[in-house]
Amino acid sequence: MNKFITAAAGFAVAFGALAGPVMAQDYPAKPVTLIVPFPPGGASDTIGRVTTQAMQEGFGQSIVVENKPGANGAIGAASVARSAPDGYTLIAASIGTFGINPALRSDLEYDPRKDLDMLTIAVRTPNALVTRPGLGVKTVEELVAKLKAEPDTLTFASSGTGSSDHLTAELFWQTSQTSGIHVPYKGGGPAQTDLMGGHADVSFQNLGNIANYVREGKMEMLAITADQRSPDFPDVPTMKELGFDGLEVYSWQAFAAPKGTPPEIRAKLAEGLTAALKSPAVTEQFGKMGFAVVANDPTEADAFVAAEIDRWSKVVKDGDIKPEQ
Amino acid sequence: MELIQNLGLGFATAFSVANLAYCLIGVFLGTAIGVLPGLGPVATIAMLLPVTFGLSPETALIMLAGIFYGAQYGGSTTAILVNLPGESSSVVTAIDGYQMARQGHAGKALATAAIGSFIAGTVATVVIALIAPALAEVALAFGPREYFSLMVLGLVASVVLASGSLLHAVGMIVLGLLLGLIGTDVNSGVMRYTFGRDEMADGISFVVVAMGMFGIGEILSNLESEASRSILARKVEGLMPTRADLRRIMAPVARGTGIGSLLGILPGGGAMLASFAAYALEKKVSRTPERFGHGAIEGVAGPESANNAAAQTSFIPMLTLGIPSNPTMALMIGAMIMQGIQPGPGVISDQPALFWGLIVSMWIGNVMLLVLNLPLIGLWVRMIGIPYHFLYPCIIFFCVIGVFSINNATFDIWLMALFGVAGYILRKLDCEPAPLLLGFVLGPMLEEHLRRAMLISKGDPTGFLTSPISATLLALAVALLISILLPAIRSKREEAFQEED
């Protein structure tokens, strides 16, 4: 009996002493699960799958993608926030999940700042201010003048209430002290279709998604929300150039782990992910989708996400667009 | 002449060994996932997307397209044999197809579906080749007003799905509309009827409702009468349609193909709307509408042709404008972008081999499907002969896997069980699940387009009547409503008079 207790105690001590350091050294000892809180085929899914596929070689373990869609990524993010911070459960999601949900919803079951350790901001793409063909507005200045002359007449199509392009429109109205009618759609595709068909007037859409329609004259592009002009459209000004200071907006995708992940593991994951993102093949593939690779480090990523949440919280508050529960 | 040249290029592309092989893989996989309830083409294509990176663009798209229309074929098999519509477009096939199977004509129903689909697929392929570029502009002319009126017409027409009481059918449609309201409101972002659960924030999945109401509900009521069911199953006969059958299905197939080719071009629920518009039309023109719902072969031929034609023509807006008309097409656009091809009007001129090769491969794929499926009918039919107490655990097993695979959520399985019990109770009350499913699918679209149209018109409703397309659709809806109500009122009065006598 005594022997047994001693043995058990010894085992417990040995196990307890070993558990911490061994875990980080041996990591990864088993396959890692990457939760994508959106359906297969979307931007987060593609970014997650392509990046982890490229990362796998030097990593030593396979990374399995699991889709847990729903509520703009809230279901998947909440499940990752509750997972053990051991580096075996990660998440790849969007500006909506990490940056806008916390600004929009008070009943959210996760807070990216408190429950998640960001690993890296993977990619980003600016929004483009586009109008339907034949609206008769050639510059942002003319658009602002028209909005001031006839307030609340032009319709602004967005990919949904609380989407990044909706909040960009809201920010545009607040900055230029104008207003329009917000017309939400279920996703960017239908919004773009109605813009081309002339059923809606204006929209902020991801540059990569509409570049081709603009080239073919199905939409007109007035400006982009990037920090510099796009090499594909050197004649289109940035909002910053036009004097709209706070209107540098990107739609981004990022990787994160549960809060409290051991620093060595977090560093290893971040290194693997950024190396994969910076590899020419991956950069080129994302370039085709209209995304530019960011691949910053965990500290920068944490700061960036916190700043985004603050920024969008202010836009939501000033625009009074919080859904009443 | 140019068309023949183009088709020649298409045949040359599609008949390369690699493309033929991948086309076969595509349609085979598609049939398999179509037969398994719940596993849809969207999830399959998404999982296979990374595999296609290594292939040439033509080969990749040919395989992915094969999965999509192969699934339409396979989906009707499950709908007919076990009354389980895995895709919204096979809901109406289940109505008469399953009744035919119960009467021992499962083989005939399956063959009708296969032949109808083949003819529709062939015609739709020609339609795409002939008028794709011109037709694509039609889709752009449809704005929120036009869609709203189309949905109104759809809802009015869905009443004809009832084979029993009109009142019950209307009740079920309204119940479906209410269920469709669950989820996040598109306009305000408010969550409605979700009980604060994030699992319901995006609404209830169609597959959950369909599997619960049709699958589980059907099993529950079958278990009650297993003895009578096994007797039905034993007299399976007449695998192939007779010459007389073929003559009877020709007109419905032609009408279904026409409706399907037209509605497939419109974004949003094209194949589903097409299949049940075809059903409504067949019931309307039939001299014996009372046979519908009790195993009318026309009720299988029309909708099956329509949904296959629509599946093919839904490629038109995707290939010519880069507009996805359904989630599968959105994935195809993703596949093109990853191959370095920008979807849009430029595809036909910049990538003629891709465009015409894909079109020809669709026709080849349809031939392959017919060859694959006709010999298999005997095998499928024997499935019905399996004693029910062996069959139903398998059906439940596949339902559970299928429902779980949509969101990887156990919550959906519980929800399906709940709908199963509801389906059983409604069946006992002589309420059919098909109108409920249509209300469930159409309701949210109706609301979305109505509110969007009103937002854009700043609250002015006259736009519905001043747009010619919208006005025509609404006029059709009114005419249809009158034609449904008049006989109903008349027969009620006749009944009343008879009672007085």
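Residues numbered from 1 in each chain as written. Chains lettered and ligands numbered in written order. Predicted model: local features only at pLDDT ≥ 70, side-chain atom pairs only at ≥ 80, totals over all residues. Heavy atoms only, no water.

Here's the deal with the overall build of chain B
Put simply, the rule is: Helix and strand assignments follow DSSP, with helices taken as H or I runs no shorter than four residues and strands as E runs no shorter than two, numbered in order from the N terminus. The classification of residues rests on relative accessible area computed with a 1.4 Å probe and restricted to protein chains. Under 20% of the type maximum is buried, over 50% is exposed, and intermediate values are partly exposed. Contacts are residue-level and defined by heavy atoms, with any inter-residue pair within 4.5 Å sufficient. Accessible areas in this description were obtained via Shrake-Rupley with a 1.4 Å probe; residue shielding takes into account the shown protein chains only.
In terms of helices and strands, chain B carries 22 helices and 2 strands. Of all 501 residues assigned to chain B, the portion counted as buried reaches 57%. For chain B, long-range pairs separated by at least 24 residues make up 80% of all intrachain contacts whose partners lie at least 6 apart in sequence. For chain B, the exposed surface amounts to about 19500 Å²; the carbon and sulfur share of it is 70%.

So, helix α18 (residues 388-407) of chain B
Residues and elements named next belong to chain B. Which entries qualify depends on this criterion: Each helix should span, by expectation, one fewer than its residue count multiplied by 1.5 Å. Here the arc refers to the set of directions running from the helix axis out to each C-beta atom.
Over its 20 residues, α18 extends 30 Å from the first C-alpha to the last, a length consistent with the 28 Å expected when each residue adds 1.5 Å. Within the span of α18, buried status applies to Tyr388, Leu391, Ile395, Cys399, Gly402 and Val403. End-on, the buried residues of α18 take up no more than an arc of 95 degrees, which puts them together on one face. Among the residues trailing α18, Asn408 stands out with phi positive, at a value near 55 degrees.

Regarding the packing of helix α7 (residues 164-176) of chain A against helix α12 (residues 298-319) of chain A
Axes are the key here: two packed helices are described by the angle between their axes and the distance separating the axes. All names here are of chain A. Keep this limit in mind: Here, axes are lines fitted to C-alpha atoms. For helices the fit covers the stretch in contact, and angles between N-to-C directions go from 0 to 180 degrees. Comment on the angle field: the value is read as roughly parallel under 35 degrees, roughly antiparallel over 145, roughly perpendicular from 65 to 115, and oblique elsewhere. A clockwise turn of the near helix away from the far one marks a right-handed crossing, whereas an anticlockwise turn of less than a right angle marks a left-handed crossing.
Their axes nearest at 10 Å, the elements α7 and α12 cross at an angle of 65 degrees. The orientation of α7 with respect to α12, classified from their angle, is roughly perpendicular. Handedness of the α7/α12 crossing: left-handed. Every residue of α12 that contacts α7 at Leu167, Thr168, Glu170, Leu171 and Gln174 is listed here: Arg311, Trp312, Val315, Val316, Asp318 and Gly319.

Focus: the environment of Ile316 of chain B
Inspection of the secondary structure assignment puts Ile316 of chain B in helix α14 (residues 315-321). Sequence separation between Ile316 of chain B and Ala120 of chain B is 196 residues, and the spatial gap between their C-alpha atoms is 16 Å.

Things to note about the nonpolar core
The line we're drawing: Put simply, a nonpolar core is a bunch of buried Ala, Val, Leu, Ile, Met, Phe, Trp, Tyr and Cys residues held in one set by side-chain atoms that sit within 4.5 Å of each other. Boundaries of every domain are those given by an automatic assignment or by a domain database.
Phe98, Val140, Leu143, Phe156, Phe172, Phe286 and Trp312 of chain A are the most contacted members of the largest nonpolar core, which totals 83 residues. Per-element accounting of this core gives the leading share, 7 residues, to strand β4 (residues 116-131) of chain A. No fewer than three residues from each of domain 1 (20-122 + 253-319) and domain 2 (126-224) of chain A sit in this core. If we ignore the near neighbours within four places in the chain, the residues touching Phe156 of chain A are Leu147, Ala169, Phe172, Trp173, Gly180, Ile181, His182, Val183, Val202 and Phe204 of chain A. One finds Val92, Ala271, Cys399 and Val441 of chain B within the second-largest nonpolar core, a separate group that totals 75 residues.

Description of the pairing of strand β5 (residues 155-158) of chain A
All names here are of chain A. Just so we agree on the cut-off: By this definition, two strands are paired if DSSP reports at least two bridges between them. Viewed with both strands pointing away, a crossover whose connecting path from the first strand over the helix to the second turns clockwise is right-handed.
Residues Thr155 and Ala157 line one face of β5 and the alternating positions Phe156 and Ser158 line the opposite face, and both faces are buried. Note that β5 and strand β6 (residues 181-184) share 4 bridges and pair parallel. The residue of β6 that forms the bridge with Phe156 is His182. Assessed by its sense of winding, the connection that carries the chain from β5 through α7 to β6 is right-handed. As paired elements, β5 and strand β7 (residues 202-206) share 2 bridges and run parallel to each other. Residue Ala157 lies in a different strand from β7, and its bridge partner there is Ser203.

Section: the packing of aromatic side chains
How two aromatic rings sit relative to each other is given by the distance of their centres and the angle of their planes. Put simply, the test is: To pair, rings of Phe, Tyr and Trp, with the six-membered ring standing in for Trp, must have centres within 6.5 Å; the planes then decide the type, stacked if under 30 degrees apart, edge-to-face if over 60, and tilted in the middle. Only lysine NZ and arginine CZ atoms are considered, and such an atom sits over a ring when it is within 6 Å of the ring centre and within 35 degrees of the ring normal.
Per the stated rule, a full pass over the model turns up 14 aromatic pairs over all chains. An aromatic cluster is defined as three or more aromatic residues linked by ring pairs; in this entry it consists of Tyr27, Phe59 and Tyr88 of chain A. Above the plane of the ring of Tyr88 of chain A lies Lys30 of chain A, whose end atom (NZ or CZ) is 4.6 Å from the centre. When the ring centre of Tyr185 of chain A is taken as origin, the NZ or CZ atom of Arg452 of chain B, which lies over that ring, is 3.6 Å away.

A few points about a nonpolar patch on the surface
All names here are of chain B. Which entries qualify depends on this criterion: Two joining distances apply to patches: 9 Å for like charges and 5 Å for nonpolar side chains (Val, Leu, Ile, Met, Phe, Trp, Tyr), and every residue must have over 30% relative accessible area and no salt bridge. Note on definitions: salt bridges are taken to be side-chain nitrogens of Lys or Arg within 4 Å of carboxyl oxygens of Asp or Glu.
A contiguous nonpolar patch, built from Leu166, Val170, Val174, Leu175, Leu178, Leu481 and Leu485 and spanning about 520 Å² of accessible area, is present on the exposed surface. For the nonpolar patch, the secondary-structure elements that each account for two or more residues are α8 (166-180) and α22 (468-500). Here Val170 lies in helix α8. By relative accessible area, Val170 is classed as partly exposed at 37%.

Here we look at the interface of chain A and chain B
How we decide: As used here, buried area is the combined drop in accessible area, with a 1.4 Å probe, of two parts when they are placed together. Residues are sorted three ways: Asp, Glu, Lys and Arg are charged, Ala, Val, Leu, Ile, Met, Phe, Trp, Tyr, Cys and Pro are nonpolar, and all the rest, Gly among them, are polar.
Taken together, the 39 residues of chain A in the interface contact 42 residues of chain B. Across the chain A to chain B interface the summed buried area is about 3400 Å²; carbon plus sulfur atoms make up 59%. Of all residues in chain A, Lys186, His199 and Lys288 of chain A bury the most surface against chain B, accounting for 15% of the area lost on that side. For the interface between chain A and chain B, the tally reads 2 salt bridges. Among the salt bridges present, the one from Glu448 of chain B reaches Lys186 of chain A, with a minimum N-O distance of 3.5 Å. Elements that contribute at least two residues to the side of chain A that touches chain B include exactly α2 (43-59), β2 (63-67), α3 (74-82), β6, α8 (188-196), α9 (207-215) and α11 (280-288) of chain A. Tallying contributions element by element places β6 of chain A first for the side of chain A that touches chain B, with 4 residues. The class makeup of the residues in the side of chain A that touches chain B is 14 nonpolar, 13 polar and 12 charged.

Observations regarding the domain arrangement of chain A
All names here are of chain A. If you check the domain split of chain A, you get domain 1 (20-122 + 253-319) and domain 2 (126-224). Each of domain 1 and domain 2 was reduced to a C-alpha centroid, and the two centroids are 29 Å apart. Between domain 1 and domain 2, the contact holds 11 residues from the first and 9 residues from the second. Interface of domain 1 and domain 2: buried area, both sides summed, is about 770 Å²; carbon and sulfur atoms make up 72% of it. Summed over the three residues of domain 1 that lose the most area to domain 2, namely Ile100, Trp312 and Val315, the buried surface amounts to 49% of that side.

Section: helix α7 (residues 144-158) of chain B
Taking 1.5 Å of rise per residue, the 15 residues of α7 of chain B would be expected to cover 21 Å, and the 21 Å separating its terminal C-alpha atoms lies within 8% of that figure. Among the 15 residues in α7 of chain B, 13 count as buried, and that is most of the element.

Some remarks on the state of the cysteines
Chemically, a disulfide is nothing more than a covalent bond linking the sulfur atoms of two cysteines. Rules: Note on terminology: disulfide denotes any pair of cysteine sulfur atoms within 2.5 Å.
What the rule picks out here adds up to 0 disulfides over all chains. Its sulfur unpaired, Cys399 of chain B is 11 Å from the next cysteine sulfur, which belongs to Cys394 of chain B.

Remarks on the packing of α2 of chain A against helix α10 (residues 263-278) of chain A
Residues and elements named next belong to chain A. Packing of α2 against α10 leaves a shortest axis separation of 8 Å and a crossing angle of 120 degrees. In terms of axis orientation, α2 runs oblique to α10. Considering how the two elements wind past one another, α2 and α10 form a crossing that is right-handed. From α2, Thr51, Ala54, Met55 and Phe59 reach across to α10, where they touch Leu269, Gly272, Leu273, Ala276 and Leu277.

Examining the pattern of salt bridges
Residue and element names in this part refer to chain A. One pass over the full model with this rule turns up 31 salt bridges over all chains. Lys240 is paired through a salt bridge with Glu248; the nearest N and O atoms lie 3.7 Å apart. Given a relative accessible area of 42%, Lys240 falls into the partly exposed group. What emerges from the salt-bridge pattern is a single network uniting Asp111, Arg113, Lys114 and Asp310.

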